[in-house]
Amino acid sequence: MNPRSLLTLLSVGLVALSPLAQSSAYSADGPAGVWVRDGYALSVAVDGIKLPRFLAYGPNSTLYVSVPKEGKIMACRDTDGDGTYETITTFVEGKAPNTILQGMQWHDGWLWFAQLNSVSKARDPNGDGKADEDVPVLSAEQLPTGARGGHMWRALLIHQGRIYTHVGDQTNATDEPIEASERRKIWSFALDGSDKKLFASGLRNSEKLVVRPGTNEIWGVDHDIDTLAMKLESDKKLGQPITDHNPPAELNHYVEGGFYGHPWLVGKNTPNPNFINDPKLVEYASKATIPEWLMPAHCSANSLTFYTGDKFPRAHGDIFVAQKGGWNATAKVGYCLSRILFEDGHPYGEQKMVNFLKNGTEILGRPVDCIQAPDGSLVFSDDFGSKIYRLKYVGK
Ligand SMILES: [Ca+2]
Ligand SMILES: [Ca+2]
Ligand SMILES: [Ca+2]
């Protein structure tokens, strides 16, 4: 952290010795034991959608929720404006379960959505909450897949007349040349599905891509590798003191032609020990773009959103990150909603906003996706408790 950033933080009182050192506010609506940052309140926005994953807003503040397990997208409405979505309809259905309804975005009068083998768009001209038109945009022949398996979640971003999508690594860290597969990359297309172009490479698993407001910068979070030093940590008596803390999860600014290191490099160009004898390791490092911000190892930073509202104090331009929590660390990490503070377009600090780990051990929720609601609150999904929560600033 540069001295100016530290001074700024101190002056606005955002530096805490521990992220959980401040007093906590509990919501009667949330599960008992969920910690919420002082000044904020958590409530349940949607109850009753089983295993909700990704979120998108459309016209009239309709909240769309992907439910991959059931091959559906739900449409949620808060007709009385009390913050709870009491009207839930099935907007799109009949997709094969687990073909991974993933990224969604409202664009040009349609809800665009990604599956493993397609990108489609749907709309509801008669306004009864169920889509009447469902049109394919990109098919399996056009989309990068590299076959099924591994990290299949597919991001979707529409920006400046292009469709951006990502498909992750087929294993934890596949040892093959960059050009050997379409995986571990972001690709872009024209809106009619033509003009396929490679955008960026060297990613492990980035499930959501967002644009920094007021710019054309594409940002995302990338999941960290599991079992990084397992081969070194063969003496089980000693546990996994390296893997527990490495590698960090990444917040990346993805640029056209950029290479982000995976699987050879982790964090800020730290060699992956499993590739230490690769003769091209340093050459890869010389080409790699390092992350803008590092998050704790195995927190499973899954999704992000830039905050553009004026309801959260001093948060305009900051990023909120849904950290699902992973399985690989001995002590549980993640299971929270965090905020990454920005200054001059770059991150300089991070604080927890909502913590779903009770006493550091008991899991009360696993945030999947987060998005800013039209009223300036923040809405995020939890596929552990099958809830969608709303975080509001309520002041002191
Ligand atoms: Ca309501
Ligand atoms: Ca309809
Ligand atoms: Ca990287």
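The rules behind the values
- Residues numbered from 1 in each chain as written.
- Chains lettered and ligands numbered in written order.
- Predicted model: local features only at pLDDT ≥ 70, side-chain atom pairs only at ≥ 80, totals over all residues.
- pLDDT = per-residue confidence, 0-100.
- Contact = placed C-beta atoms within 7 Å.
- Core = buried A, V, L, I, M, F, W, Y, C linked by C-beta atoms within 7 Å.
- Buried ≥ 20, exposed ≤ 12 C-beta atoms within 10 Å, placed from the backbone.
- Pairing = 2+ DSSP bridges.
- Helix = DSSP H or I, 4+ residues; strand = E, 2+ residues; numbered from the N terminus.
- Axes fitted to C-alpha atoms, helices over the stretch in contact; angles between N-to-C directions.

Peer 1: What am I meant to see in the confidence of the model for the protein here?
Peer 2: Keep in mind that low pLDDT regions are not for reading the predicted coordinates in detail. Overall, the prediction assigns the protein a mean pLDDT of 90, with 91% of residues at 70 or greater. Contacts of residues 1-28 to residues separated by more than four positions or lying in other chains number 37 contacts, the stretch itself having pLDDT below 50.

Peer 1: What is the right way to look at the nonpolar core in this model?
Peer 2: Within the largest apolar cluster, 90 residues are counted, with the highest numbers of intra-cluster contacts made by Tyr64, Val65, Ile73, Met104, Leu337, Val354 and Val379. Aside from chain neighbours lying at most four places away, what touches isoleucine 73 is Tyr64, Val65, Ser66, Phe91, Val92, Leu101, Met104 and Phe113. Formed by 6 residues, the second largest nonpolar core is a distinct cluster that contains Ile225, Leu228, Val266 and Tyr284.

Peer 1: Just checking my understanding: could you explain the sheet that holds strand S28 (residues 367-372) for this structure?
Peer 2: Within a sheet, each strand pairs with its neighbour through backbone hydrogen bonds, oriented either parallel or antiparallel. Ordered in space as S2-S30-S29-S28, the 4 strands form an open sheet in which the pairing is antiparallel. Strand pairing shows two members of the sheet lacking a second neighbour, strand S2 (40-47) and S28, which therefore form its edges. Here the average twist between neighbouring strands, direction ignored, is 25°. As defined by bridge partners, S28 adjoins strand S29 (residues 378-382) across 4 bridges and the pair is classed as antiparallel. When the sheet's bridge partners are listed, proline 367 is paired in S29 with aspartate 382.

Peer 1: Is there a simple way to explain the environment of isoleucine 163 in this structure?
Peer 2: Residue placement: isoleucine 163 occurs in strand S12 (residues 162-167). Judged by local crowding, isoleucine 163 falls into the buried class, with 26 C-beta atoms found within 10 Å. C-alpha separation for the pair isoleucine 163 and tryptophan 112, spaced 51 residues apart in sequence, amounts to 9.8 Å. The residues contacting isoleucine 163, other than those within four sequence positions of it, are Val119, Leu138, Ile158, Ser188, Phe189 and Leu191.

Peer 1: I'm lost on the sheet that holds strand S25 (residues 346-355) in this one. Help?
Peer 2: With antiparallel pairing, the 5 strands of this open sheet are ordered in space as S1-S25-S24-S23-S22. Edge positions in the sheet fall to strand S1 (35-36) and strand S22 (301-306), since each of these pairs with one other strand and no more. Note: strand S23 (residues 319-323) against strand S24 (residues 336-343), 5 bridges, orientation antiparallel. The residue of S24 that forms the bridge with phenylalanine 320 is arginine 339.

Peer 1: Hey, could you run me through the environment of asparagine 328 in this one?
Peer 2: Within the fold, asparagine 328 resides in the loop between S23 and S24. With 18 C-beta atoms packed within 10 Å, asparagine 328 lands in the partly exposed category. Linking asparagine 328 and glutamine 240, residues 88 residues apart in sequence, is a C-alpha distance of 9.6 Å.

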